[in-house]
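# Breakdown of the fold
So the chains spell out like this:
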Amino acid sequence: ITAHQIEERGYEQLEDALRDVPGIDMVHLNGYAPTIFYFRGLYGVENLRALLMIDGIAENNISGTNDMAGPAYSLHNIERIEVIWGPASAIYGNNAFGGVINMITKKAGDVNGLHVEKGLGTLNTSFEKALFGIKKSGFEVSLSASRYSTDGPRFTNRDPNYDGAYVNNAWSFYTNIAYTYKKFKTTLGGRAFDTPLGWGNLLNSPTKFLGLPPQGNGNDGTIGVLSSNFRGEKPGLEETFGRTLFLQSEYTANERLSLLARVEYRESGISDKSYIYLTVDGKKLFRVPTAQMSNRIEGEISGNYKIGEKHTFSAGIQFYQDNLERDSMGRNSSRGINFDTTTYIIDGRFNVSGLYTTFKPRYFSIWNTFGSYAQYTLNTNLLGKTNFTIGARYDNSNVYSTSPSPRIAVINRPIDELTIKLLYGSAFRAPVLSEELTANRLGQPINPEKIYTYEVNLIYNPSKKYLLQLNGFYNHLSDVILQTKVVNLVQNTAIGKMDVGGIEAKADMIFSKAISAFVNFTYQDGHQTQIGTLTSPGVDSSFIIPNIAKFKGNAGLAFHIAGLFTVSVIGNWVGTRQVLGTNPYGDVRGYFLTNLVLSTHKLFNNKVTASLNIRNLFNVTWLDPGLRAGDGMLLPTVLEQQGITGVFKIGVNF
């Protein structure tokens, strides 16, 4: 996904860009973990089966919480987004399970000056963005920053005063300072993200506590979280953060040999300003503060060596230590609290406890992980041109160990215009701290999830103007951590297996300088099996993989009016999505959304641009399925989504 496509199609955040990519399903929470991404039908363990990287450095939350990207991750400084379908643990290790997303930032040579943007939109949305780069005498300096706020959609079916989908000054900051001397390039870089937002649609509203009618579909309004303002503050706050500092040096000896060494420090978590109002009986409200901070220290050395024209060898080693927060009893992966048990009467009728709860000292667990990988590629002239690649990775931790993750690829080009790929790979996803603690609580064994995938790709590229691609895949997963039930407000995990297969087709077309288009289609189908239960350990049960669309597709058409502006129209179709039998709502109907972007070319001596982005142009009513069991008690059966919205943006180059 190029910078040109990001601008032309009006992509502002990562979810905007991935929305138009085949093989990716989404569930929008409009708050906590704003969007959940699922590659190729691998539903479950929200946002933990995909690896998100920025410039090749992992960005997933260290403790394994569900937040990934979000409104603080602006795309104004992104040169391209690389997306890999399928497992890539052979190189990238943990979390490179269902897919990999790598956001490549713009460097000094891509910017050369100052670029600023200002945007205003519906729902009281506003943002500012800035990007600066300079390159001189071997030095390259790039800086970028952004701020984003919105009141968010008003889901009045939950609460007439709903205010749970806001974003309050989410911000980002990037910096890269690089110096090139002869064959060495050394870079000192850092990035920081802070995303204060509401809890959105994640949990039900306590309609009984508020004296409102229940929402139906099994939800009687007894259990839930407040979604309207209370005591002069927002109904809840989930302020996630991530910070990374790294130093790396690249050595290019010649066109055959290159080496990279990197050290980094990362921390991520939830700010201690976060809180939620919760009721479990519909009579009394509890204000529960939340906080969590984990950090990672990491070192990595990798290299590539080209042995003549036919042989290429790559290898690397990596070590990282995670300091993961848990409570003092080792029961969960968040900070312990000294709960204020006093009951306060608010507005003469609301019973509330926990108003002056304090945090306990921070406790933590240390996880050490060592990883190593190697990969060999042989280039031949067999059947035209054929490349054979074989590689494997091995990771070992003081908490878990994995078997080697192999990767085999055969890539054939019988003619220059046609590429045929045959791929086999396996990958793993290590359990996160909360899953390990839950498994210990339930007395269940837990191992890294494993995936084995088989894939064939056909890519036909007759010219720079046309590209056709057809993918067929089959995935088998074992030791799958299934999230099938909530017991006493705590997620119950179970071990299972999963099988999913499908087809993806895409076409990119440039008809002329004035007209370009893209279209893609996805078919996927699968089922999962729960291996025994706590009450029936010898009885397996099979069921569909919920919440994924068996059929979906996207199409876009761009018209370029020479020297003036571009009109881009994109349609997103998602078919019916089945849900688990525990969900009384039943299947969630499909939808078709239309997005329109009007953007000017660079005006006034290439200094000024402007755009108008209208999403859900025809104000279609649409729903996403509820997460996990979604039985209507604690977790909603379906998630209401927003109607038509618009944003106007102007950009200036200095």
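## A few points about the overall build of the protein
Assigned secondary structure in the protein consists of 6 helices and 36 strands. The C-alpha atoms of the protein give 25 Å as radius of gyration, which agrees with the globular expectation for 654 residues (26 Å, within 12%). Taken along its principal axes, the extent of the C-alpha atoms in the protein is 75 × 60 × 45 Å. A buried classification covers 54% of the 654 residues belonging to the protein. Sequence-distant contacts in the protein: of pairs separated by 6 or more residues, those separated by 24 or more amount to 64%. Carbon and sulfur atoms form 59% of the exposed surface of the protein, whose accessible area is close to 27,700 Å².

## Notes on a nonpolar patch on the surface
Side chains of Phe139, Ile177, Tyr179, Tyr181, Leu188, Leu245, Leu247, Val263, Tyr265 and Ile297 sit close together on the surface and give an oily, nonpolar patch of about 930 Å² of accessible area. Looking at the nonpolar patch, the elements with two or more residues in it are strand E10 (167-181), strand E13 (236-252) and strand E14 (257-279). No other element matches E10, which puts 3 residues into the nonpolar patch. Residue position: Tyr181 is located in strand E10.

## Examining the side chain of Thr522
Tracing the sequence through the fold places Thr522 in strand E28 (residues 515-530). Within polar-contact distance, the side chain of Thr522 engages the backbone nitrogen of Gly23 at 2.9 Å.

## As for the environment of Leu212
Mapped onto the fold, Leu212 is located in the loop between helix H5 (207-210) and strand E12 (224-225). C-alpha of Leu212 to C-alpha of Lys185: the two residues are 27 residues apart in sequence and 63 Å apart in space. Not counting chain neighbours up to four residues away, the residues in contact with Leu212 comprise Arg158, Asp159, Pro160 and Thr207.

## Overview of the sheet that holds strand E4 (residues 57-58)
The strand order across the open sheet formed by 4 strands is E4-E3-E6-E5, and the pairing between neighbours is mixed. The sheet is open, and its two edges are formed by E4 and strand E5 (78-85), each paired on a single side. In terms of strand pairing, E5 meets strand E6 (residues 99-105) through 7 bridges, oriented antiparallel. Bridged to Ile78 within E6 is Thr105.

## Considerations on the packing of aromatic side chains
Aromatic rings in a pair are described by how distant their centres are and how their planes are angled relative to each other. Enumeration over the complete set of coordinates arrives at 20 aromatic pairs. Ring plane angle 85° and centroid distance 5.4 Å describe the contact between Tyr174 and Phe193, whose orientation is recorded as edge-to-face. Remark: Phe193 occurs in strand E11 (residues 184-197) and Tyr174 occurs in strand E10; sequence separation between them is 19 residues. The same class applies to Tyr174 and to Phe193, which are both buried. Both rings, one in Phe230 and one in Phe350, keep their centres 5.6 Å apart while their planes meet at 75°; by these two values the pair is edge-to-face. Of the two residues, Phe230 sits in the loop between E12 and E13 while Phe350 sits in strand E19 (residues 350-353), which places them 120 residues apart along the sequence. We classify Phe350 as buried; its relative accessible area is 6%. Members of the aromatic cluster, each reached through a chain of ring pairs, are Phe209, Phe230, Tyr275, Tyr277 and Phe350. In this structure, Arg296 is placed above the aromatic ring of Tyr320, and the distance from its NZ or CZ to the ring centre is 4.1 Å.

## Observations concerning the nonpolar core
Core analysis: the largest hydrophobic core is formed by 32 residues, its most contacted members being Leu14, Leu18, Leu52, Leu75, Ile81, Ile101 and Met103. One finds Leu278, Ile451, Val480 and Leu634 within the second-largest nonpolar core, a separate group that totals 29 residues.

## Side note on the pairing of strand E9 (residues 139-150)
A regular strand places its side chains on the two faces of the sheet in alternate fashion. Across 11 bridges, the pairing between strand E8 (residues 125-136) and E9 is antiparallel. Bridge assignment links Glu128 to a residue of E9, and that residue is Arg147. Both E9 and E10 contribute to a ladder of 11 bridges, which runs antiparallel. Across the sheet, residue Ser144 finds its bridge partner in E10, namely Tyr174.

## Quick word on the side chain of Lys450
Take Lys450: it is sitting in strand E25 (residues 449-463). At a separation of 3.0 Å, a polar atom in the side chain of Lys450 contacts the side chain of Asp479. Lys450 has contacts with Phe97, Ser403, Ala427, His476, Leu477, Ser478 and Asp479, leaving out every residue within four places of it along the chain.

## A few points about unusual backbone geometry
Unusually for a residue other than glycine, Arg40 sits at a positive phi of about 50°. Mapped onto the secondary structure, Arg40 falls in the loop between strand E2 (35-39) and strand E3 (50-54). Residue class for Arg40 comes out buried when judged on its relative accessible area of 1%. The backbone of Asn616 sits at a positive phi, close to 50°, despite the residue not being glycine. Take Asn616: its relative accessible area is 4%, and that puts it in the buried class.

## Quick notes on the environment of Val647
Within the fold, Val647 resides in strand E36 (residues 645-653). By relative accessible area, which is 21% here, Val647 ends up partly exposed. When the C-alpha positions of Val647 and Ser126 are compared, they lie 8.5 Å apart, and in sequence the two are 521 residues distant. Sequence-distant contacts of Val647, that is, excluding residues within four places in its chain, are made with Leu120, Gly121, Phe127, Ser611, Leu612 and Asn613.

Rules behind the numbers
- Residues numbered from 1 in each chain as written.
- Predicted model: local features only at pLDDT ≥ 70, side-chain atom pairs only at ≥ 80, totals over all residues.
- Heavy atoms only, no water.
- Helix = DSSP H or I, 4+ residues; strand = E, 2+ residues; numbered from the N terminus.
- Rg over C-alpha atoms; globule rule 2.2 N^0.38 Å.
- Buried < 20%, exposed > 50% of the residue type's maximum accessible area, 1.4 Å probe, protein only.
- Contact = heavy atoms within 4.5 Å.
- Areas by Shrake-Rupley, 256 points an atom, 1.4 Å probe, with all protein chains shown as cover.
- Patch = residues over 30% accessible without salt bridge, like charges linked within 9 Å, V, L, I, M, F, W, Y side chains within 5 Å.
- Salt bridge = Lys/Arg side-chain N within 4 Å of Asp/Glu carboxyl O.
- Polar contact = N/O pair within 3.5 Å; in protein donor to acceptor, adjacent residues only side chain to side chain.
- Pairing = 2+ DSSP bridges.
- Phe/Tyr/Trp six-rings, centres within 6.5 Å; stacked < 30°, edge-to-face > 60°.
- Lys NZ or Arg CZ within 6 Å of the ring centre and 35° of its normal.
- Core = buried A, V, L, I, M, F, W, Y, C linked by side-chain atoms within 4.5 Å.

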